[in-house]
Amino acid sequence: MIRNLFINISLMAFIANSYAQETVANVIPSLLSEFSPSTLSKENQRKEFEWFQEAAKPFKGKKIMVVSETIDTHTYESEVIAKAFSKLTGIHVVHELTGEDDVVKKIETQVRTGIHLYDAYINDSDLIGWHYRTGKVVNLTDYMAGEGKAVTLPTLDLKDFIGISFTTGPDGKLYQLPDQQFANLYWYRKDWFDRPDLQKKFKDIYGYKLDVPVNWSAYEDIAEFFTRYVKELDGKKVYGHMDYGRKDPSLGWRFSDAWFSMAGAGDKGLPNGKPVDDWGVRVEGCTPVGASVERGGDMNGAAAAYSVNKFIDWLNKYAPPEAKQMDFSTAGAVPSQGNIAQQIFWYTAFTAAMTKPNLPVTNADGTPKWRMAPSPKGAYWKTGVKLGYQDVGAWTLVKGTPPDNMKAAWLYAQFAVSKSVSLKKTLVGLTPIRESDINSAAMTKAAPKLGGLVEFYRSPARKRWTPTGTNIPDYPSMAPIWWKNMGAAIRGEVPVQTALDNMAQQADSLLAQLQQKGMSKCTPKLNAKMPLSFWYNKGTAPFPKLTNEKPKGETQSYENSLKY
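This report concerns the structure included in the present document. (Residues numbered from 1 in each chain as written. Predicted model: local features only at pLDDT ≥ 70, side-chain atom pairs only at ≥ 80, totals over all residues. Heavy atoms only, no water.)

**Some details on the overall build of the protein chain**
Part 1 of the reasoning: When you go through the protein chain residue by residue, the secondary structure sums to 24 helices and 13 strands.
Part 2 of the reasoning: The globule rule puts the C-alpha radius of gyration for 564 residues at 24 Å, and the 25 Å found for the protein chain is close to it.
Part 3 of the reasoning: Summarising its shape, the C-alpha atoms of the protein chain cover approximately 95 × 60 × 35 Å along the three principal directions.
Part 4 of the reasoning: When each of the 564 residues of the protein chain is scored for burial, the buried share is 59%.
Part 5 of the reasoning: Long-range contacts, defined here as pairs at least 24 residues apart, represent 76% of the contacts in the protein chain between residues at least 6 apart.
Part 6 of the reasoning: Carbon and sulfur atoms provide 54% of the accessible area of the protein chain, an area that totals close to 22,000 Å².
Part 7 of the reasoning: For the protein chain, the separation between the mean place of its 68 positive charges and that of its 59 negative charges on side chains is 1 Å. (Helix = DSSP H or I, 4+ residues; strand = E, 2+ residues; numbered from the N terminus. Rg over C-alpha atoms; globule rule 2.2 N^0.38 Å. Buried < 20%, exposed > 50% of the residue type's maximum accessible area, 1.4 Å probe, protein only. Contact = heavy atoms within 4.5 Å. Areas by Shrake-Rupley, 256 points an atom, 1.4 Å probe, with all protein chains shown as cover. Lys, Arg positive; Asp, Glu negative; His and termini not counted. Charge placed at Lys NZ, Arg CZ, Asp CG, Glu CD.)

Structure (structure tokens):
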């Protein structure tokens, strides 16, 4: 009986071992099937997968925790890529999804307290200035050359990432690795704009062609035209504008995501203006010195006031009444319902949802009736200033993470952005990060159904769309002042200029606190208050109020809009 039991146990062990070998042998073919197409040949894909399998051997059986915000790209990572990586390497990945604000709170807690919560974060590059100055986030350039060299993918190809400048600190070192990115662009109903009857009516009223707006004046005219003069199309009431105005954190992103620079605030320079950036914060070298105009900043300058006044005016006059109570999430789906003519600030993260079949904004063959195009410029905008915002979610490692956990997480991060995986992920989530993917045959094939996404990312225009830059020394502390003050202005609790003055003063106070506490690098040091004439004479931001904030409207063809 003992002999039979021994035979049974041996047989079971043999079967289990054979099954394990068969499973391992089948992993790579299944990955080649799942992650297709790829810009790599099947052979080179196989080699990348084999490298991950070999590099992960010391960490087999380890569990790692990572977290990101909830968007389609990260859902695909959590449900498909993490599982594929686990099967390939034996490293168990828990890829948690949560709200963007919660991701910031989690990484802020880990950085400030040193408590180990997660092994890696996909965290917006908007925090790059904070990451750099705290000294608590891993310098990836040095990590890849040193401690993490054995677990750094030889074919990672950093030069292929289109957002690498956004995740680089003032010292030229990489602090975050881009995982996904999307822009806020101009969205419009091309089918309506192309109608001869509407084109004639618009030209009769405004004296120029109904087309993609070059400036905010044209955008305003078009908003008025559809709301006041067209009123109804296909039996449905239409509006010439869409936005959201609910007083919550997403309202903060709506403004800090480069709305001031779209109006023309800040200075020339890419990816961000120098010495004054798109938040209106001034730096000298890498030292933040003020946000208020009296300290040389532009947070409460003429262009900022113009931008907020336009936002409120358009929301009240030309958007659906319910838009005032909406936030980022609830407003995102509204244009797909078929009653919005245009939207000046539309995140391309909604592209996938806007291309679903049987929508009022989609043709029978699946092609969109709409297009996305580069955004129009405000009256204060000058050539050389950034023109819009790109969200770049990027892999971030925090010091104090157990070394083996960090290495295992770094392997997963690279797997999620590797050339073997990235093109398929781009086609699923439509948040491209690699030049090679953007220029691939697969993207060319997909382009007709994506409403201009591919054309934008292949154009020189995309370089004027950038995230919050390194001027902002403490994003987690400074971001909330946006939605609280802008919300008060939108609700009419305070005048616009008062709201901006309050916000700039609060920003200066936060800079003063950081100055007193000190930071690891480039600690803020506030400028003395000076008369506005002192700053105006420098020839940089802030700039004085224009005598005419509504020049003549100007439009252009969709094709010309991509030629920046």
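**What about helix α8 (residues 196-206)?**
Part 1 of the reasoning: Burial in α8 covers these residues: L198, F202 and Y206. All buried residues of α8 lie within an arc of 40° about the axis, which places them on one face of the element. Across α8 from its buried face, at more than 90 degrees, point the exposed residues P196, K200, K203 and D204.
Part 2 of the reasoning: Contacts made by the buried residues of α8 are with α7 (190-193), α9 (216-230) and β6 (232-233).
Part 3 of the reasoning: Two residues or fewer after α8 comes G207, characterised by a positive phi angle close to 85°. (Arc of directions from axis to C-beta.)

**A closer look at the pattern of salt bridges**
Part 1 of the reasoning: Enumeration over the complete set of coordinates arrives at 31 salt bridges.
Part 2 of the reasoning: The partner of D194 in a salt bridge is K190, with the nearest N and O atoms 2.7 Å apart.
Part 3 of the reasoning: Residue classification places K190 among the partly exposed residues on the basis of a relative accessible area of 23%.
Part 4 of the reasoning: The salt bridge involving D327 is made with R246; its shortest N-O contact spans 3.6 Å. Pair noted here: D327 is in the loop between α12 (302-318) and α13 (328-332) and R246 is in the loop between β7 (236-237) and α10 (249-256), with a separation of 81 residues, a long-range link.
Part 5 of the reasoning: What makes R246 partly exposed here is its relative accessible area of 40%.
Part 6 of the reasoning: Among the charged side chains, a network of salt bridges with common partners joins E220, D221, K310 and K550. (Salt bridge = Lys/Arg side-chain N within 4 Å of Asp/Glu carboxyl O.)

**Structural notes on the nonpolar core**
Part 1 of the reasoning: Judged by nonpolar contacts, the single largest core of 119 residues is most densely connected at F226, F255, W259, F260, M299 and L500.
Part 2 of the reasoning: With eleven residues, the top contributor of residues to this core is α12.
Part 3 of the reasoning: In this structure, F260 is in contact with F255, A265, D278, W279, M299, A304, S307, V308, W482, L500 and M503, ignoring residues within four places of it in sequence.
Part 4 of the reasoning: Counting 46 residues, the second-largest nonpolar core is a separate cluster that includes F35, A56, W410 and I433. (Core = buried A, V, L, I, M, F, W, Y, C linked by side-chain atoms within 4.5 Å.)

**Considerations on the packing of aromatic side chains**
Part 1 of the reasoning: On inspection of all chains with the given rule, the structure shows 44 aromatic pairs.
Part 2 of the reasoning: Note on F35 and F49: the rings are 6.4 Å apart at their centroids and 45° apart in plane angle, and the pair reads as tilted. One end of the pair, F35, is in the loop between α1 (2-34) and α2 (42-55); the other, F49, is in helix α2, with 14 residues separating them in the sequence. Like F49, F35 is buried.
Part 3 of the reasoning: Between F456 and Y457, the aromatic rings sit 5.2 Å apart at their centres with planes inclined by 80°, giving edge-to-face as the arrangement. (Phe/Tyr/Trp six-rings, centres within 6.5 Å; stacked < 30°, edge-to-face > 60°.)

**What to know about unusual backbone geometry**
Part 1 of the reasoning: Of note, the bond from S36 into P37 is cis; its omega dihedral lies within 30 degrees of zero at 10°.
Part 2 of the reasoning: Mapped onto the secondary structure, P37 falls in the loop between α1 and α2.
Part 3 of the reasoning: Phi is positive for D157, close to 60°, though the residue is something other than glycine.
Part 4 of the reasoning: Mapping D157 onto the fold places it in the loop between α6 (140-145) and β4 (177-188).
Part 5 of the reasoning: For D157, a relative accessible area of 34% gives the class partly exposed.

**Describing the packing of α8 against α9**
Part 1 of the reasoning: Two elements in contact, α8 and α9, have axes whose closest approach is 11 Å; the angle formed by their N-to-C orientations is 110°. When the axes of α8 and α9 are compared, the pair comes out roughly perpendicular. As for how α8 packs across α9, the hand of that crossing is right-handed. Listed contacts from α9 to L198, K201, F202, I205 and Y206 of α8 are D221, I222, E224, F225, F226, Y229 and V230. (Axes fitted to C-alpha atoms, helices over the stretch in contact; angles between N-to-C directions. Parallel < 35°, antiparallel > 145°, perpendicular 65-115°, else oblique. Left-handed = near helix turned anticlockwise from the far one by under 90°.)

**Here's the deal with α2**
Part 1 of the reasoning: End to end, α2 covers 20 Å across 14 residues, agreeing with the expected 20 Å (1.5 Å per residue, within 8%).
Part 2 of the reasoning: Where α2 is concerned, the buried positions are Q45, E48, F49, F52, Q53 and A55. (Expected span 1.5 Å × (residues − 1).)

**Description of the side chain of Q181**
Part 1 of the reasoning: When you line up the elements, Q181 lands in strand β4.
Part 2 of the reasoning: Among the polar contacts made by the side chain of Q181, one reaches the side chain of Q390 at a distance of 2.7 Å. (Polar contact = N/O pair within 3.5 Å; in protein donor to acceptor, adjacent residues only side chain to side chain.)

**Quick word on the pairing of β4**
Part 1 of the reasoning: Burial within β4 is extensive, with twelve of its twelve residues counted as buried.
Part 2 of the reasoning: Inspection of the sheet shows β4 paired to strand β12 (residues 390-396) by six bridges, in the antiparallel sense. What sits directly across from A183, in β12, is Q390.
Part 3 of the reasoning: Bridging between β4 and strand β10 (residues 342-347) involves four bridges; their strand directions are antiparallel. (Pairing = 2+ DSSP bridges.)

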